Structures are given as C-alpha cells and as structure tokens.
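Secondary and tertiary structure notes
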Amino acid sequence: KEIERRMHPRANADFEVLYNELEAWRLQETEKILGLGLSDSDQEAALYQLLVKEVKLLQTIDRLRVIANKENRDRRINKTLELMSAAKKWEMSDGEVALVHTPFTTRAKELMELYNGLRLPNLSIDERLDVLLHVKWTVKEFDCNLTREMVELIDREADLLNRGRAESTLQGLRKRVLNLFLQFVETPEFNPEAARFQKAPRELLVNP
C-alpha cells in the first residue's frame with residue numbers, strides 16, 4: 001500500500017510524504033558531498049548537480065499532483081452526477097422500499113449521459129457531431145448567457161470538424177464546452193436535482 005501511495009499519490013498526505021522524503025534525501029546527499037573534502041570548485045559542481053536532480057524530482061512530483069488533481073476532480077464530478085440521477089427510495093404501504101425514478105432524476109440521468117458523451121475519446125467525426133447536436137438542442141431549451149455561449153462554441157466546433165480540422169487543435173475548445181455544460185448540469189433551473197449541490201455562478205444565468 002505504501003509503495004502504491006508513492007507510485008500513484010492521490011491525497012495531500014501522499015504528496016506531503018513525497019516532499020518530506022525528497023527533502024530528507026537532499027539533506028543526506030548534501031552532507032555526503034560536504035564530507036568528501038572536495039576542492040571548492042568540485043564541491044560547488046557537485047552541489048549544482050544535486051540541485052539539478054532535486055529540480056527534476058520536484059517536477060516529477062508536481063506532474064503527479066496535476067494528474068491526481070484531475071483524477072480527484074473527475075471522481076467528485078462522477079459521484080455527484082450519479083447521486084443526482086439515482087432513483088428515489090420510497091417506502092410503500094406494506095413497509096417495502098421501492099426505487100422510483102422521478103421526472104427530475106430521469107432528467108439528471110439524461111444530462112449525465114450527455115456529459116459523459118462529451119468526455120468520450122476516440123469518437124468518429126459523425127459520432128462527435130451527434131453528441132454535440134444532442135447537447136445543443138438540450139441547452140437551447142433555455143435562453144441565457146450560459147446557453148448562448150455553449151451554442152456558439154458547439155457550432156464553432158461542428159464547423160471546424162466539417163472543415164477537416166485536426167482533433168488535436170480542438171482540445172481547448174472541447175474543454176471549454178465540457179466545463180460550460182457541467183455548469184449547466186449543476187444549475188437547478190436546468191436540472192432540478194442539482195438543488196442539493198453547488199450552483200453555477202448567477203451572472204451566467206441572467207438575461208441581458
């Protein structure tokens with residue numbers, strides 16, 4: 001388990017361990033160099049090489065932290081969307097508990113599926129366009145700053161795909177569409193089940 005935490009750190013405590021171990025290693029290596037009796041120039045060169053190694057290790061830990069933050073965020077979002085779309089537990093007259101989907105949980109489930117569709121990698125152009133079209137018509141049910149911006153961005157991506165633009169050049173645009181749609185899903189005006197969770201910024205929802 002400890003090896004796993006070092007190879008794939010997730011929590012802040014995992015990274016604290018890595019930073020502490022790196023600092024302990026740096027102090028140990030510095031002490032070794034200072035105890036070798038090197039000339040000033042050789043000692044300076046050795047300490048510089050140690051610094052280079054330390055910087056590379058810090059960069060590796062920072063990269064792992066970026067990956068962990070993204071994975072943790074994705075897990076939180078998925079958990080929230082699943083809770084929004086979960087069936088309600090209703091106690092029946094005979095004491096049994098029934099799982100029942102309401103119009104609100106059905107709506108939340110549909111929005112979760114669209115969000116997951118936007119995240120899918122390696123879709124064909126036609127498959128991606130189909131997802132974009134479904135998202136567009138879903139958000140066009142409402143007219144506000146948020147939905148107008150989404151429609152504009154979706155139309156832009158669709159146009160670029162039809163022009164044969166390489167998908168690698170669309171990553172920034174797709175990330176923006178995904179984040180805006182997540183705000184849409186998290187807003188009770190569009191997804192009543194989101195009332196129990198964080199709302200999108202109100203300024204995005206105000207009509208001019």
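Owing to the predicted nature of the structure, the values given are computational and were not obtained by experimental measurement.

Our next topic: a positive patch on the surface. Together, Arg10, Arg73, Arg75, Arg76 and Lys175 line one region of the surface with positive charge. For the positive patch, the leading source of residues is helix α3 (residues 40–85), giving three residues. Looking at where Lys175 falls in the secondary structure, it is placed in helix α7 (residues 171–185). Relative accessible area serves as the criterion here: at 57%, Lys175 is assigned to the exposed category.

Attention shifts here to the pairing of strand β2 (residues 97–100). Pairing of strand β1 (residues 88–91) with β2, which is carried by four bridges, proceeds in the antiparallel orientation. From the neighbouring strand, Glu91 faces β2, where its bridge partner is Val97. Between β1 and β2, which pair antiparallel in sequence order, lie five residues; one of them, Gly95, sits at a positive phi of approximately 90°.

Below, the discussion takes up the packing of aromatic side chains. Per the stated rule, a full pass over the model turns up four aromatic pairs. Relative to Phe184, the ring of Phe142 has its centre 6.0 Å away and its plane inclined at 65°; by these criteria the two rings are edge-to-face. Residue Phe142 is found in the loop between α5 (125–139) and α6 (145–162), and its partner Phe184 is found in helix α7; the two are separated by 42 residues along the sequence. The interplanar angle of 55° and the centroid separation of 4.7 Å between the aromatic rings of Phe142 and Phe190 together place this pair among those described as tilted. Of this pair, Phe142 sits in the loop between α5 and α6 while Phe190 sits in the segment after α7, placing them 48 residues apart in sequence.

As for its position among the elements, Glu91 is in strand β1. Taking the C-alpha atoms as reference points, Glu91 and Asp40, 51 residues apart in sequence, are found 80 Å from one another. What Glu91 contacts, discounting residues up to four positions off in sequence, is Glu96 and Val97.

With that settled, consider the confidence of the model for the protein. Mean pLDDT over the protein: 90, with 94% of residues reaching 70 or higher. Within the protein, helix α1 (residues 2–7) has the poorest average pLDDT of any element, 74, and α5 the best, 96.

Considering the arrangement of structural elements, one finds Thr138 in helix α5. In this structure Thr138 comes out as buried when scored by relative accessible area, which is 12%.

Another point: the packing of α6 against α7. Helix-helix packing is described using two parameters, namely the angle between the two axes and the distance between the axes. One can describe the packing of α6 onto α7 by two numbers: an axis separation of 10 Å at closest approach and a directional angle of 150°. Taken together, the axes of α6 and α7 are roughly antiparallel relative to one another. In this structure, α6 meets α7 at a crossing whose hand is left-handed. For the pair formed by α6 and α7, the contact residues are Leu146, Thr147, Glu149, Met150, Leu153, Ile154, Arg156, Glu157, Leu160 and Leu161 on the first element and Leu173, Arg174, Arg176, Val177, Leu180, Phe181, Gln183 and Phe184 on the second. The class makeup of the residues in the contact of α6 with α7 is 11 nonpolar, two polar and five charged.

For side chains of opposite charge, pairing can occur when their charged atoms come near one another. The tally for this structure, following the rule as stated, stands at 17 salt bridges. Where Asp74 meets Lys70, a salt bridge forms, and the shortest distance between an N and an O atom there is 3.0 Å. Of this pair, Asp74 and Lys70 both sit in helix α3, four residues apart, which is roughly one turn of that helix. Here Glu152 ties to Arg156 by a salt bridge, and the two come within 3.3 Å at their closest N and O atoms. Of this pair, Glu152 and Arg156 both sit in helix α6, separated by four residues, roughly a single helical turn. Note on Arg156: relative accessible area 42%, which makes it partly exposed. Each member of the salt-bridge network shares a partner with another, and the members are Arg128, Glu157, Glu167 and Arg174.

The rules behind each value
Residues numbered from 1 in each chain as written. Predicted model: local features only at pLDDT ≥ 70, side-chain atom pairs only at ≥ 80, totals over all residues. Heavy atoms only, no water. Patch = residues over 30% accessible without salt bridge, like charges linked within 9 Å, V, L, I, M, F, W, Y side chains within 5 Å. Areas by Shrake-Rupley, 256 points an atom, 1.4 Å probe, with all protein chains shown as cover. Salt bridge = Lys/Arg side-chain N within 4 Å of Asp/Glu carboxyl O. Lys, Arg positive; Asp, Glu negative; His and termini not counted. Charge placed at Lys NZ, Arg CZ, Asp CG, Glu CD. Helix = DSSP H or I, 4+ residues; strand = E, 2+ residues; numbered from the N terminus. Buried < 20%, exposed > 50% of the residue type's maximum accessible area, 1.4 Å probe, protein only. Pairing = 2+ DSSP bridges. Phe/Tyr/Trp six-rings, centres within 6.5 Å; stacked < 30°, edge-to-face > 60°. Contact = heavy atoms within 4.5 Å. pLDDT = per-residue confidence, 0-100. Axes fitted to C-alpha atoms, helices over the stretch in contact; angles between N-to-C directions. Parallel < 35°, antiparallel > 145°, perpendicular 65-115°, else oblique. Left-handed = near helix turned anticlockwise from the far one by under 90°. Nonpolar A, V, L, I, M, F, W, Y, C, P; charged D, E, K, R; others polar.

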